[in-house]
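Examining the three-dimensional arrangement
Next come the chains, spelled out residue by residue.
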Amino acid sequence: MSEASSSRLLYRGSLFLPDSYILLDGLTFSANLLANKDLLHNPLALALESMRGRPSLRLKGTESLKDICIDPSDDVSMDIHPSATLSRVYFENILFLSPLFPDGRTEIGVRVALGDADGPATTEILIFGKIHSSLVIPSLTIHVARIIPATRAPRPDDPTPRKPPQHLFAPTQSIGELAANTRIKVKGDDSDVVRRAREVMLHIPNSKLRGRGKDKDKERGGAVFKVPVLPAKKTDHAPDADVFGPVSDAKGKARVVDEEIGNIEQENKSIIKKFTVRHLDAVGVSKAHPEFKELFGFVYRGTAFALRATIKKSPVSARALETLVETHIKLYVTPPT
């Protein structure tokens, strides 16, 4: 930097090549304070200063200036240290051998990303050269510009409204008057076909009247199709019959029988559990005993297995149940003496 007082250092570091351990070091990015008096409103200067502390920036490759849009108003330049031989050779081969635009800029530049990820939030810059022919000896300086999204012409399907052309309405008419169904007179277009087309467009029926099917049917007096109402479900009906007589509900009867059997079996098992707990407690094995669960399981399952023939049919006899429970307990527990 020739004039240190008129420039501000933004970033000093290097560029690292993709898929390589080679670094292009000795690079300095600075902003011209004479052209950028307020750096707080300079996006490129703020982005480069936010990179301070990073040893290197990510080099993405070369890019043609014709294929991208840049913002050269930031007025940021780059300098290469005289001792950085590799960096000098790289940029000389890229920029000095590149063709020039009529304004003196090189057609090829070097694209650099200010971040580790690729996306809309990552700022990308372009390093390019520019010839200054105003000097006695023309020299090429290295400039840096921020890459911005390319602008396009508006399309009919854009959601934002656009201002209508001025030739479509007279100076005394406003946009509100144009929104109403008023005729627009255009000079030099008074043919009979155009006049009839305007009349047709102005007398198109309102779209709000469409879709009122009920009102149209009433006016026309036509029949309206209605969905028939489903017949009510009959709850009290006679049993179905065939040639052999009335059909019995075999499934319903079987379900009732299964429920009765299940209730009898459940009551018998509940009685067996009560007898088992009571007789175990009588021989000194209460619920707090460490072997209560195992003894209870053996006695309960053995008694239920012994009564498997009648446990589902009828209530068990208390005398028979008491005998079976005591017999099983004598097999596992020695009564206290």
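Up top is the structure these notes are about.
Residues numbered from 1 in each chain as written. Predicted model: local features only at pLDDT ≥ 70, side-chain atom pairs only at ≥ 80, totals over all residues. Heavy atoms only, no water.

Digging into the pattern of salt bridges
Spelled out, the test is: Salt bridges are identified by distance alone: a Lys or Arg side-chain nitrogen within 4 Å of an Asp or Glu carboxyl oxygen. Where helices and strands are cited, they refer to DSSP runs of H or I of at least four residues and of E of at least two residues respectively, numbered from the N terminus.
With the rule as written, the count across this model stands at 10 salt bridges. The closest approach of N and O atoms between E265 and K269, which form a salt bridge, is 3.3 Å. Of this pair, E265 and K269 both sit in helix α6 (residues 250-282), separated by four residues, roughly a single helical turn. Several salt bridges share partner residues, and in doing so they unite R58, K60, E63, R111, D118 and E124 into one network.

Some remarks on the sheet that holds strand β5 (residues 108-113)
This is how it is decided: A pair of strands is considered paired only if DSSP assigns at least 2 bridges between the two. Only C-alpha atoms enter the line fits that serve as axes; for helices the fit covers just the stretch in contact. Angles between N-to-C directions range over 0 to 180 degrees. Any pair of residues with heavy atoms lying within 4.5 Å of one another is described as a contacting pair.
Here seven strands make up a closed barrel; going around it, the order is β1-β2-β4-β7-β6-β5-β3 and the pairing mixed. Taken pair by pair, the neighbouring strands of this sheet meet at an average axis angle of 45 degrees, ignoring direction. In this sheet, strand β3 (residues 56-64) lies alongside strand β1 (residues 7-16) in parallel orientation, the contact comprising three bridges. In the sheet register, F16 faces β3, and the bridge partner there is R58. Along the sheet, helix α2 (residues 85-96) contacts β1, β2 (23-32), β3, β4 (69-80), β5, β6 (124-132) and β7 (139-148); its crossing angle with β2, the most-contacted strand, is approximately 70 degrees.

With respect to the pairing of β1
Two elements, β1 and β2, share eight bridges in a ladder whose sense is antiparallel. Each residue of the ladder has a partner; that of R8, found in β2, is A31. The turn linking β1 back onto β2 is made up of six residues, and D19 within it adopts a positive phi angle of 55 degrees.

Side note on the nonpolar core
Worth spelling out the cut-off: Nonpolar core, defined: a set of buried Ala, Val, Leu, Ile, Met, Phe, Trp, Tyr and Cys residues in which side-chain atoms within 4.5 Å join the residues together. We call a residue buried when its accessible area falls under 20% of the maximum for its residue type, exposed when it is over 50%, and partly exposed in between, using a 1.4 Å probe and counting protein chains only.
In this structure, L15, F29, L48, M78, F91 and I127 are the most contacted members of the largest nonpolar core, which totals 30 residues. With residues up to four places along the chain from it excluded, the contact list for F91 reads L15, L27, M78, I80, F96, V110 and I127. V285, L307, V325 and V333 belong to the second-largest nonpolar core, a separate cluster that totals 17 residues.

As for the side chain of S64
Secondary-structure assignment places S64 in strand β3. Judged by relative accessible area, which is 16%, S64 ranks as buried.

Quick word on the environment of L44
Among the structural elements, L44 can be located in helix α1 (residues 43-49). Once the C-alpha coordinates of L44 and A31 are considered, the two residues, 13 residues apart in sequence, prove to be 9.3 Å apart. Leaving out residues up to four positions away in the same chain, L44 has contacts with D74, V76, I125, V144, A145 and R146.

With respect to the packing of aromatic side chains
Let me state the cut-off plainly: To pair, rings of Phe, Tyr and Trp, with the six-membered ring standing in for Trp, must have centres within 6.5 Å; the planes then decide the type, stacked if under 30 degrees apart, edge-to-face if over 60, and tilted in the middle. Put simply, a charge is over a ring when the Lys NZ or the Arg CZ is close to the ring centre, within 6 Å, and near the line of the ring normal, within 35 degrees.
Applying the stated criterion across every chain, the model contains five aromatic pairs. Between Y11 and F29, the ring centres sit 6.1 Å apart and the planes meet at 45 degrees, which makes this aromatic pair tilted. Linking Y11 in strand β1 with F29 in strand β2, this pair joins segments that are 18 residues apart in sequence. The exposure class assigned to Y11 is buried, which follows from its relative accessible area of 2%. Between F296 and Y300, the aromatic rings sit 6.0 Å apart at their centres with planes inclined by 0 degrees, giving stacked as the arrangement. A residue pair is termed a helical-turn pair when its members lie 3 or 4 positions apart in one helix, as F296 and Y300 do in helix α7 (residues 292-306) at four residues. Across the pair, exposure class does not vary: F296 and Y300 are buried alike. Here the aromatic cluster, defined as three or more aromatic residues joined through ring pairs, consists of F292, F296 and Y300. A cation sits over an aromatic face here: R278 above F275, 4.5 Å from the ring centre.

Overview of the pairing of β7
Taken across its 10 residues, β7 has seven buried, putting it largely inside the fold. Where β4 and β7 come together, five bridges link them in antiparallel fashion. Looking across to β7, one finds that S77 is bridged to H143. As paired strands, β6 and β7 are joined by eight bridges and run antiparallel to one another. From the neighbouring strand, I125 faces β7, where its bridge partner is R146.

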